[in-house]
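Understanding the architecture of this molecule
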Amino acid sequence: MTLKGRDFLTLLDFTPAEIEYLLDLSAELKEKKKNGILHDELRGKNVALIFEKTSTRTRSSFEVAAHDLGMGTTYLDPSGSQIGKKESIADTARVLAGIFDGIEYRGYGQEIVEELADYSDVPVWNGLTNEYHPTQILADLLTIREHFGRLKGIKFVYMGDARYNMGNSLMIGCAKMGLDFTACAPAKYFPSKELIEKCEDIAKETGAGLHFVEDPAEAVKGADVICTDVWVSMGEPIEVWEERVKELTPYQVNKEKMDIAGKDCIFMHCLPSYHDHKTAVGKEMGEKFGMEAFEVTNDVFESEASVVFQEAENRMHTIKAVMLATLK
Ligand code: CP
Ligand code: NVA
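Report on the accompanying structure. (Residues numbered from 1 in each chain as written. Chains lettered and ligands numbered in written order. Predicted model: local features only at pLDDT ≥ 70, side-chain atom pairs only at ≥ 80, totals over all residues. Heavy atoms only, no water.)

**So, helix α2 (residues 57–68)**
Helix length check: α2, at 12 residues, gives a terminal C-alpha distance of 16 Å against a target of 16 Å (1.5 Å per residue), a fit within 8%. Residues of α2 that are buried: Arg 57, Thr 58, Ser 61, Phe 62, Glu 63, Ala 65 and Ala 66. Residue Gly 70 follows α2 closely and has a positive phi angle near 90 degrees. (Helix = DSSP H or I, 4+ residues; strand = E, 2+ residues; numbered from the N terminus. Expected span 1.5 Å × (residues − 1). Buried < 20%, exposed > 50% of the residue type's maximum accessible area, 1.4 Å probe, protein only.)

In structure tokens:
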């Protein structure tokens, strides 16, 4: 299997066998890292990391993974580069492709990362757009596989805003890898009809299940994994908080829902999360709406069932696999 020269923009572009290959490579690289075995197989190469939105996990993962592979990194944020203000994406792509061996992009519309990829002849990796977050899904799948020893047939329930990057990408990842995926939210928060249809076609091939359920108690019954994400994503206007809190509070992941799922169910979240008042936004919005937590309660977040920090660590191993597979 080789993915050399490929872009990594959405998991829709990858076959189940290719995704499995990336997960196997991630596990191998994780093992090497844990055992202190050097794997600087990409010495002499350099990558550009463009972040038009903020990041802790994705940026750290790309930087550490690149360094472990022997590569140099340059971090470009909107305030410290010409991107968008003085230079178009098409021009930026051609400039960076001449200097670097690969380009990571985090930002707004998926069409931006696609344009970057169209104009650059080195691999472009999507570090999150409004529509997709494919490197996160590899980490999530690796975490599930580590925990349950398999992916096929795992009952995966996503609660909350399922029409944004995480909901969309998890549905694609689950469809590709044969999981039983449920999106649980009011119907307006389900992924688009067009994306659901694409995933239904994939599911026919892989045996995956796809369900769209509005009743939380029904959705979480028998779940192996309950997963959620913030109700208001980066770049969305502050005004949407009110509507989201009103509409998504019944979908908050709490002890009651975890209890319905049963004792073997794990909790996942891509992070960052508003599970207490220990962040500026969590505190401000928590006080405004009279809520201790939003998408997940603190007791679930801190419980034995929560694998969120294993999931965060796996970002680094999986991002490393993506860079290695597409550059070597
Ligand atoms: N999960 C995730 O992408 O986190 P960051 O925004 O910190 O990169
Ligand atoms: N949906 C979230 C994911 C963060 C990793 C956002 O876009 O802000």
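Following the structure, the description resumes.
**Quick look at the sheet that holds strand β7 (residues 209–213)**
Spatial ordering of the open sheet is given by β7-β6-β5-β8-β9, a layout of 5 strands whose pairing is parallel. Where the open sheet ends on each side, the last strands, each with one partner, are β7 and β9 (266–269). Each adjacent strand pair in this sheet contributes to an overall mean axis angle of 20 degrees, direction not counted. Relative to strand β6 (residues 180–184), strand β5 (residues 155–159) is paired through 5 bridges, and the arrangement is parallel. Bridging from a neighbouring strand, Lys 155 pairs with Asp 180 of β6. Seen against the sheet, helix α6 (residues 165–177) touches β5, β6, β7 and β8 (225–228) and runs at an angle of roughly 170 degrees to β5. (Pairing = 2+ DSSP bridges. Axes fitted to C-alpha atoms, helices over the stretch in contact; angles between N-to-C directions. Contact = heavy atoms within 4.5 Å.)

**A look at the packing of α6 against helix α7 (residues 193–206)**
Remark: α6 packs on α7, axes separated minimally by 8 Å, with the N-to-C direction vectors making an angle of 20 degrees. Taken together, the axes of α6 and α7 lie roughly parallel to each other. Seen along the crossing, α6 lies across α7 with a hand that is left-handed. Contact residues: Asn 168, Met 171, Ile 172, Ala 175 and Lys 176 in α6; Leu 195, Ile 196, Cys 199, Ile 202, Ala 203 and Thr 206 in α7. Split into classes, the residues belonging to the contact of α6 with α7 amount to 8 nonpolar, 2 polar and 1 charged. (Parallel < 35°, antiparallel > 145°, perpendicular 65-115°, else oblique. Left-handed = near helix turned anticlockwise from the far one by under 90°. Nonpolar A, V, L, I, M, F, W, Y, C, P; charged D, E, K, R; others polar.)

**Re the site of ligand 1**
If you check the shell around ligand 1, you find Ser 55, Thr 56, Arg 57, Thr 58, Arg 106, His 133, Gln 136, Cys 270, Leu 271 and Arg 315 and nothing else. With respect to ligand 1, the side chain of Gln 136 contributes an N or O atom lying 2.9 Å from a nitrogen atom. Protein contact buries 96% of the 260 Å² of open area that ligand 1 shows by itself. At a threshold of 2 Å from the grid points, most atoms of ligand 1 map onto the largest pocket. (Near = heavy atom within 4 Å. Polar contact = N/O pair within 3.5 Å; in protein donor to acceptor, adjacent residues only side chain to side chain. Areas by Shrake-Rupley, 256 points an atom, 1.4 Å probe, with all protein chains shown as cover. 1 Å grid on protein atoms, 1.4 Å probe; cavity = no way out; pocket = protein on both sides within 12 Å on 5 of 7 lines; lining within 4 Å. Sits in = over half its atoms within 2 Å of the grid points.)

**Focus: the layout of surface pockets**
To locate leftover empty space, one rolls a probe as large as a water molecule over the atoms. Its boundaries defined by the atoms lining it, the largest pocket holds a volume of some 550 Å³. Thr 54, Val 230, Met 234, Leu 271 and Pro 272 are, among the 29 residues lining the largest pocket, the residues nearest its centre. Going through the elements one at a time, α2 and α6 are the ones with two or more residues in the lining of the largest pocket. Residue classes in the lining of the largest pocket are distributed as 12 nonpolar, 11 polar and 6 charged. The space that makes up the second largest pocket amounts to roughly 190 Å³. Forming the walls of the second largest pocket are Lys 255, Met 258, Asp 259, Gly 262, Lys 263, Cys 265, Asp 299, Val 300, Ser 303, Glu 304 and Ala 305. (Points joined across faces, edges and corners; volume = space filled by probe spheres on them.)

Worth remembering: the numbers are spatial, not functional.
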